[in-house]
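The primary structure of each chain is shown beneath.
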Amino acid sequence: MTLTAASGTGERTARKNSPGAAPRTRRSGRLRRIGLPYLLLLPALLLELLVHLVPMAIGIVVSFKELTQFHIRDWGTAPWTGLDNYSLAVDFNAPVGEALLKSFLTTCLFTLFSVGLCWLLGVAAAVFLQEGFRGRGFLRTIFLVPYALPVYAAVITWAFMFQRDNGLINHVLHDQLGLTDTPPFWLIGENSFITLLVVSVWKGWPFAFLIIMAGLQNIPREIYEAAALDGAGIWQQILRVTLPSLRPVNQVLVLVLFLWTFNDFNTPFVLFGKAAPEAADLISLHIYQSSFQTWNFGTGSAMSVLLLLFLLVVTGAYLLLTSRGRKATDA
Amino acid sequence: MAAPRSFLWSRRIFLTLLTGFVLLPVYVMVSSSLKPLEDVSGTFQWIPSDLTVRPYFDIWETVPLADYFMNSLIVAGAATVCSVTIAVFAAYAVSRYSFRGKRVFTVTVLSTQMFPGILFLLPLFLIYVNIGNATGIALFGSRGGLILTYLTFSLPFSIWMLIGYFDSVPRDLDEAAKVDGCGPLGALFRVVVPAAVPGIVAVAVYAFMTAWGEVLFASVMTNETTRTLAVGLQGYSTQNDVYWNQIMAASLVVSLPVVAGFLLLQRYLVTGLTAGAVK
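Keep in mind it's a predicted model, so treat the numbers as computed, not measured. (Residues numbered from 1 in each chain as written. Chains lettered and ligands numbered in written order. Predicted model: local features only at pLDDT ≥ 70, side-chain atom pairs only at ≥ 80, totals over all residues. Heavy atoms only, no water.)

Some words on the pattern of salt bridges
Going through the model one piece at a time under the given rule, you end up with 5 salt bridges over all chains. Here arginine 164 of chain A makes a salt bridge to aspartate 165 of chain A, at a shortest N to O gap of 3.8 Å. Aspartate 165 of chain A sits in the exposed class, given a relative accessible area of 59%. Close ionic contact of glutamate 224 of chain B with arginine 227 of chain B constitutes a salt bridge, the shortest N to O distance being 3.6 Å. The exposure class of glutamate 224 of chain B is exposed, given its relative accessible area of 61%. (Salt bridge = Lys/Arg side-chain N within 4 Å of Asp/Glu carboxyl O. Buried < 20%, exposed > 50% of the residue type's maximum accessible area, 1.4 Å probe, protein only.)

So this is what it looks like as C-alpha cells:
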C-alpha cells in the first residue's frame, strides 16, 4: 500500500516537472500496473495457501503414511506405507472398505433426495411469490428463517422434536393420529435416514429459494407479456417461460447444493452425535469417525482424498455437460 | 391477466403447508423454552400448561453461556472483518485488472467450494500443533486458530460473490475517479466500495453466519476457555438429565443476533446474490 501511494505522488510531481523525467515515470507506471493486482491479491493468496493448499498437500502426504496417535506430535516421522491406506479403504470385502462403500452409497442417495426436494420447494415457493399479493414480503422473510438460524440451534430443535418419548413428531403420529402401534425411534435405526432428510431439506431449501428468486428478477417482463398475447395461461407461462429461463441459474444452484449436501457434516453431527446410525452415516461424519475415534489418521486422509477425487470428477463432468448444453442451445 | 382458480388454490395450499413446515421448529423452540423441566421431559404438549421464564435465567448458570457467547462473537466477528477486507482487495484485482494467473486464481478459489471440510480438519490440526511446537504460538485451541480456520469457509465465497458485484459497478466510475487524481486504491475506496455496499454487506452477513454456525472445527479445535456456542450447547445434557427447556431457551438466545441481523439485512443479501451469484 505504501509502495503504490509513494509511486503515485512520484508520478504526479514528475508530470509537473520537466518532460525529461517522462521515461522513468512510464516505467514505474507500468511496474505499478503489473505489480498492483498481485499486491492486492497477496493477502488472499497467502491465506489460500495457508488454509487450503498447504493443508491439502499435507493431507495427501499423510494419506501415504501410517499415522496414529503415537506420531501426531511429529507426524513427519510416521512411517511410509505406500498405497496401504488406499487399498484398505477400497477393499470392499473387508470391514473398513465395506463400511466406506456403504456410507458413500447412503450419501449419494441422501444427496439425490435432498437436492431434488430443496430445488422443488425453492422453485415452487419462488414462482408462487413472484406475483404480487398481500403478505408476500412477510412470507419471503419467514421462508428465510431456516437459512438464518445457526445449524446447531435449528438441528438440536429437530432432534428434540424427533425424541421417541417426549418429542412432537411421535406425539402427533402416535398419540394424536394413532398411525403407529408403538412410538417409533427416529434417531436410531432405519428411520434415521428420513429424519436426516427432513432436517436437511428444511435447512437447505431456503438457499435454493433465494437464488431462484434472484434469477426470476432477471427474466424480462416482455417475454411473459408476449406469451400471454399468444394465449398462454399462467401454468403454461411457468412451464414454457419461467423454467427454461432459469436454466443457467439452476445449473449453478444444483452444483452448489450438491457439493454442500454431499460434504455436510454439521447436520448429522448435531442430530446423531459422533456416531451416526448406519442408515444415516454420511461420508463426512464417517471419515471423521474413522480418523478421530479410531485414531487412524492415515486411512482417514486416504478416504478424504478419494472423496475429493470423486467430487472433482463429478463436478468436472457436470461443468462439461452443462457448458456443452449451453453451447448447443446458443447455436 | 387474472390468475385462474387452479393457480390461486395451489398457491394458497402450498404456501400454507410450507409456512407450517418452516415455522414448526420455531414454535417448538419458543414454546418449549417456556416450560418447566417436568413438562419437556414428559409427553409433548402443544399448549404449555405451565408458563415459566425460569429456563432463561438458568441457562447462564448451567453452563458458562456468557463466555461461549463472547468467544463466538470474537471469533465470528474477527473472521468476518478479515475475510471481507481480504476479499475486497482480491475481488477488485480480479474485477479490474488483467494479469497472468488470473484464471488459475479464480478457478482455485471456486474449486475450494467443493472441498469437504473434513479434508482440512486433520492437516490444519497437524499444522497448528507443529507451529505450536516450533514457535510456541498456541494456535490449536486458541481463538486465533479458529479465526484462521473459519476463513477457509468464508473467503472463497466472499471473493467469488464480490467479483460479480464489482463487475456490476460501471468501470467508467472508477476510471473517472482516476482521471480526477485518485490512485487505484483511492478509486477502490471512494467509488467501487461505496457503490458495492449491498454486496459487501451480503458477504459480511454470510461470513458471520458461517462462523457463528460452524460445528466441526469448533468441537475439535477449542478448549475449556475458547469454547464457542456450537459446542457449548452440548453442555445442557448431563448423564441424568437433558434440560430440553434450557436447550431451547439457549438456542433461541444464540439465534437471535444472527436472525435479527439477517432479517434486517436480507434485502441486501438478495441484491448481493443477484449481482454476484446469478451472472
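The discussion continues.
Re a nonpolar patch on the surface
Taken together, the side chains of Leu109, Leu112, Phe113, Leu117 and Leu120 of chain A present a nonpolar region at the surface, about 480 Å² in accessible area. Turning to its location among the elements, leucine 120 of chain A is positioned in helix α4 (residues 95-128). (Patch = residues over 30% accessible without salt bridge, like charges linked within 9 Å, V, L, I, M, F, W, Y side chains within 5 Å. Areas by Shrake-Rupley, 256 points an atom, 1.4 Å probe, with all protein chains shown as cover. Helix = DSSP H or I, 4+ residues; strand = E, 2+ residues; numbered from the N terminus.)

Considerations on the UniProt feature "transmembrane region" (unreviewed entry) in chain A
Residues and elements named next belong to chain A. The UniProt entry lists residues 36-64, 104-129, 141-161, 193-216, 245-262 and 301-321 under the feature "transmembrane region" (unreviewed entry), expressed in the numbering used here. Regarding residues 245-262, the helix share stands at 94% and the strand share at 0%, and the terminal C-alpha atoms are separated by 27 Å. Along residues 301-321, the helical share is 100% and the strand share 0%, with 30 Å between the first and last C-alpha atoms. (UniProt positions renumbered as here; feature names shortened; annotations may be inferred.)

Considerations on the packing of aromatic side chains
Residue and element names in this part refer to chain A. Following the criterion strictly, the structure yields 35 aromatic pairs over all chains and no others. Note on phenylalanine 64 and tyrosine 86: the rings are 5.4 Å apart at their centroids and 40 degrees apart in plane angle, and the pair reads as tilted. Linking phenylalanine 64 in the loop between α2 (22-62) and α3 (84-90) with tyrosine 86 in helix α3, this pair joins segments that are 22 residues apart in sequence. The class of phenylalanine 64 is partly exposed, set by a relative accessible area of 27%. (Phe/Tyr/Trp six-rings, centres within 6.5 Å; stacked < 30°, edge-to-face > 60°.)

Quick look at the interface of chain A and chain B
Each partner contributes to the interface: chain A provides 101 residues, whereas chain B provides 96 residues. Both sides together, the interface formed by chain A and chain B hides about 9,000 Å², and carbon and sulfur atoms give 80% of it. In this structure, the connection of chain A to chain B is made through 0 salt bridges. Examining the composition of the side of chain A that touches chain B, we find that 21 residues originate from one element, α2 of chain A, more than from any other. Grouping the amino acids of the side of chain A that touches chain B by side-chain chemistry returns 73 nonpolar, 20 polar and 8 charged. (Contact = heavy atoms within 4.5 Å. Buried area = accessible area lost by both parts, 1.4 Å probe. Nonpolar A, V, L, I, M, F, W, Y, C, P; charged D, E, K, R; others polar.)

Here we look at the nonpolar core
Counting 199 residues, the largest nonpolar core has Phe143, Tyr152 and Tyr288 of chain A as the members making the most contacts within it. With 16 residues, helix α4 (residues 65-96) of chain B is the single largest residue contributor to this core. Not counting the four nearest positions on each side in its chain, tyrosine 152 of chain A is found in contact with Val270 of chain A together with Trp212, Gly213, Val215, Leu229, Ala230, Leu233 and Val254 of chain B. (Core = buried A, V, L, I, M, F, W, Y, C linked by side-chain atoms within 4.5 Å.)

Some details on the UniProt feature "transmembrane region" (unreviewed entry) in chain B
Residue and element names in this part refer to chain B. The residues that UniProt annotates with the feature "transmembrane region" (unreviewed entry) are residues 12-30, 68-92, 104-127, 147-166, 187-209 and 243-265. Secondary structure across residues 187-209 comprises 96% helix and 0% strand; the distance between its end C-alpha atoms is 30 Å. The span residues 243-265 is 96% helical and 0% strand by assignment, and the distance between its end C-alpha atoms comes to 33 Å.

Regarding the confidence of the model for chain B
Within chain B, residue pLDDT values average 86, and 96% of them lie at 70 or more. In the predicted complex, the global pTM is 0.87; the interface-specific ipTM is 0.90. (pLDDT = per-residue confidence, 0-100.)

Notes on the confidence of the model for chain A
When pLDDT is averaged along chain A, the result is 84; 87% of the residues meet or exceed 70. Below a pLDDT of 50 lies the segment residues 1-24 of chain A, which in the model reaches 12 contacts outside its immediate sequence neighbourhood of four places, other chains included.

Regarding the UniProt feature "domain: ABC transmembrane type-1" (unreviewed entry) in chain B
Here, UniProt's "domain: ABC transmembrane type-1" (unreviewed entry) annotation points to residues 69-265 of chain B. The span residues 69-265 of chain B is 77% helix and 0% strand, and its two end C-alpha atoms sit 22 Å from each other.

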